[in-house]
Amino acid sequence: MIHQQSTQTRFFGGQSDDATPVWVTASDLGSVPGYSSYAQTFVATSPISAPVTFSVVDALPSGFLLSGNTITALLSNPPEGSTRTYNFTLRASTGDLKDDRPFTLVVTHAANSDPYADKVKFLYNLNGDYTDRSGQRNLVALNTGANAGVSTTEKKFGTHSLWFNGSSAGAVDIRIPASSDLLIPADTDYCFEFWMRASLPQSFGCMMITAATASGAGSTEIANSVNILNWTGASGSTASGTARTTLSAFIPGGQLWTTSNPNDSVWHHVAIVRQSGVTKLYFDGVAQGPSVTNSGTVDFGQQYGFLIGRYINFAINNIYIGYYDDMRLTVGAARYVANFTPPTTEFAFP
């Protein structure tokens, strides 16, 4: 609920007049739910038809931004059964004349919502498109017919999944675009999770990697990069041979791997989770293999983005063969701190 009062300063040429800006925006703007992208445009007019500008008196609440005459914010979710109140004052000005109004914004709890929605950096349901449900960014998807596409016959949730057929014909670029907030700060919990379905161990089989060049190449040599594969041998070894039956992840500080075989034509939930500086790999909700202790930064594509489906070139043995569904990165919360039951419905936002 928005309540507003006004204090006016009306001086022109040393005398009182009626040229002070007049607020048009309704006094009652209603309440808003948590985990929503808030935007409110404020309107005031001038009796002398002069331009009206808007500014903040004192300061806006953390996370709020005034641009022109519009305030935007991503509203966090109050605890269930409660509300959260934000107070701010705006000034409408025409020349030296001004009118200040305090506003109170009441945010209500959004029921059945993701409690970590405000920490989601990207969320893809991959239902036949590359839309990021969190509204942060969308996948770049070039030449998808050469190596990747969509499937309606194989999917974990929804209507489609993302399909890589192992072809190396043509240049392929499936990546989450670069962004500074894809560099996870030191001492910050995070959870990267997705669903996969693969049937064959591959001679290389890289699944995802931090992109290291604008053309799409990647490298495990980046100190804080991420490289996820399904090609490694038993106990996380990288030896060649036919016994490559584990999922492996190279992350800052070491290597994670599963003790289960991911290449069995079954959908599996995979989560890489850091909590208090310790990173674990959960396979179908069960922590497997070693853990890695490292509290430094982790790069999910700060400069060039996060590549999905291949390694540093287009060679046939560097292309993932299989399916992906629901993919999400959460920064600032581990989500899973012990063995868990994998999600039974597609990731939702908020």
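Up top you'll find the structure we're talking about.
Fair warning: this is a prediction, and the values are worked out from it, not measured in the lab.

Cut-offs applied
- Residues numbered from 1 in each chain as written.
- Predicted model: local features only at pLDDT ≥ 70, side-chain atom pairs only at ≥ 80, totals over all residues.
- Heavy atoms only, no water.
- Helix = DSSP H or I, 4+ residues; strand = E, 2+ residues; numbered from the N terminus.
- Buried < 20%, exposed > 50% of the residue type's maximum accessible area, 1.4 Å probe, protein only.
- Contact = heavy atoms within 4.5 Å.
- Areas by Shrake-Rupley, 256 points an atom, 1.4 Å probe, with all protein chains shown as cover.
- 1 Å grid on protein atoms, 1.4 Å probe; cavity = no way out; pocket = protein on both sides within 12 Å on 5 of 7 lines; lining within 4 Å.
- Points joined across faces, edges and corners; volume = space filled by probe spheres on them.
- Nonpolar A, V, L, I, M, F, W, Y, C, P; charged D, E, K, R; others polar.
- Salt bridge = Lys/Arg side-chain N within 4 Å of Asp/Glu carboxyl O.
- Pairing = 2+ DSSP bridges.
- Axes fitted to C-alpha atoms, helices over the stretch in contact; angles between N-to-C directions.
- Polar contact = N/O pair within 3.5 Å; in protein donor to acceptor, adjacent residues only side chain to side chain.
- Lys, Arg positive; Asp, Glu negative; His and termini not counted.
- Phe/Tyr/Trp six-rings, centres within 6.5 Å; stacked < 30°, edge-to-face > 60°.
- Lys NZ or Arg CZ within 6 Å of the ring centre and 35° of its normal.

Draft legend 1. Expanded view of the overall build of the protein chain. A tally of regular secondary structure across the protein chain gives 1 helix and 27 strands. Counting across all 350 residues of the protein chain, residues that qualify as buried make up 48%. Residue pairs in contact within the protein chain that sit at least 24 positions apart in sequence constitute 68% of those at least 6 positions apart. Summed over its atoms, the accessible surface of the protein chain is roughly 14900 Å², and 51% of this surface lies on carbon and sulfur atoms.

Draft legend 2. Focus on the layout of surface pockets. Taken as a whole, the largest pocket encloses approximately 170 Å³ of empty space. Around the largest pocket, the lining residues are Asn112, Ser113, Asp114, Pro115, Tyr116, Arg328, Arg335, Tyr336, Phe347, Ala348, Phe349 and Pro350. Looking at the lining of the largest pocket residue by residue, the classes come out as 7 nonpolar, 2 polar and 3 charged.

Draft legend 3. Summary view of the pattern of salt bridges. Applying the stated criterion to the full structure yields 9 salt bridges. Where Asp100 meets Arg91, a salt bridge forms, and the shortest distance between an N and an O atom there is 2.6 Å. Given the relative accessible area of 11%, Asp100 is considered buried. Since its relative accessible area comes to 25%, Arg91 is described here as partly exposed.

Draft legend 4. Main features of the pairing of strand β23 (residues 278-283). Strand direction decides the pairing type here: strand β22 (residues 268-275) and β23, joined by 6 bridges, are antiparallel. Note on β23: the bridge partner recorded for Val270 is Phe283. Between β22 and β23, which follow one another and run antiparallel, lie 2 residues, and Ser276 among them has a positive phi close to 50°. Here β23 folds back onto strand β24 (residues 286-293) in antiparallel fashion, the turn holding 2 residues, of which Asp284 has a positive phi close to 55°.

Draft legend 5. Spotlight on the sheet that holds strand β20 (residues 248-251). Ordered by their spatial adjacency, 7 strands build an open sheet running β12-β15-β26-β18-β19-β20-β21, and the pairing between neighbours is antiparallel. A single partner strand is all that each edge strand has here, and the edge strands are β12 (140-142) and β21 (254-257). The mean angle between the axes of side-by-side strands here comes to 15°, regardless of whether they run parallel or antiparallel. Relative to strand β26 (residues 306-308), strand β18 (residues 206-210) runs antiparallel, the two sharing 3 bridges. Bridge assignment links Thr210 to a residue of β26, and that residue is Phe306.

Draft legend 6. Quick peek at the side chain of His269. Mapped onto the elements of the fold, His269 is located in strand β22. Within the structure, His269 has its side chain in polar contact with the side chain of Glu193 (distance 2.9 Å). His269 has contacts with Glu193, Phe194, Trp195, Tyr282, Phe283, Asp284, Tyr336, Phe340, Pro342, Pro343 and Phe347, leaving out every residue within four places of it along the chain.

Draft legend 7. Quick look at the side chain of Arg274. Along the chain, Arg274 falls in strand β22. Lacking a salt bridge, the buried Arg274 has Asp189 as its closest oppositely charged neighbour, with an N-O distance of 5.5 Å. There is a polar contact of 3.2 Å between the side chain of Arg274 and the backbone oxygen of Asn294. Within the local environment of Arg274, its side chain forms a polar contact with the backbone oxygen of Gly296, the two atoms lying 2.7 Å apart.

Draft legend 8. Geometry of the sheet that holds strand β4 (residues 37-41). The antiparallel open sheet is built from 3 strands, whose spatial order is β4-β8-β7. Lying at the two open borders of the sheet, with one neighbouring strand each, are β4 and β7 (65-67). Each strand axis lies, on average, 20° off the axis of its neighbour in the sheet, ignoring direction. Two elements, β7 and strand β8 (residues 70-74), share 3 bridges in a ladder whose sense is antiparallel. Following the sheet pairing, Ser67 is matched in β8 by Thr70.

Draft legend 9. A look at unusual backbone geometry. Its identity is not glycine, yet Asp187 carries a phi of approximately 60°, on the positive side. Take Asp187: it is sitting in the loop between β16 (183-184) and β17 (190-197). Residue classification places Asp187 among the exposed positions, given a relative accessible area of 65%.

Draft legend 10. Fine view of the packing of aromatic side chains. One pass over the structure, following the stated rule, counts 25 aromatic pairs. On the numbers, 6.3 Å between centres and 50° between planes, the contact of Trp267 with Tyr323 is tilted. One end of the pair, Trp267, is in the loop between β21 and β22; the other, Tyr323, is in strand β27 (residues 321-331), with 56 residues separating them in the sequence. Classification of Trp267 by relative accessible area gives buried; the value is 13%. With relative accessibility at 15%, the residue Tyr323 sits in the buried group. Ring plane angle 50° and centroid distance 5.3 Å describe the contact between Phe300 and Phe306, whose orientation is recorded as tilted. With respect to burial, Phe300 and Phe306 carry one shared label: buried. Chaining the aromatic ring pairs together yields one cluster made of Phe122, Tyr124, Phe164, Tyr190, Phe192, Phe194, Phe300, Phe306, Tyr320 and Tyr324. Just above the ring of Phe347 sits the side chain of Arg328; from NZ or CZ to the centre is 3.9 Å.

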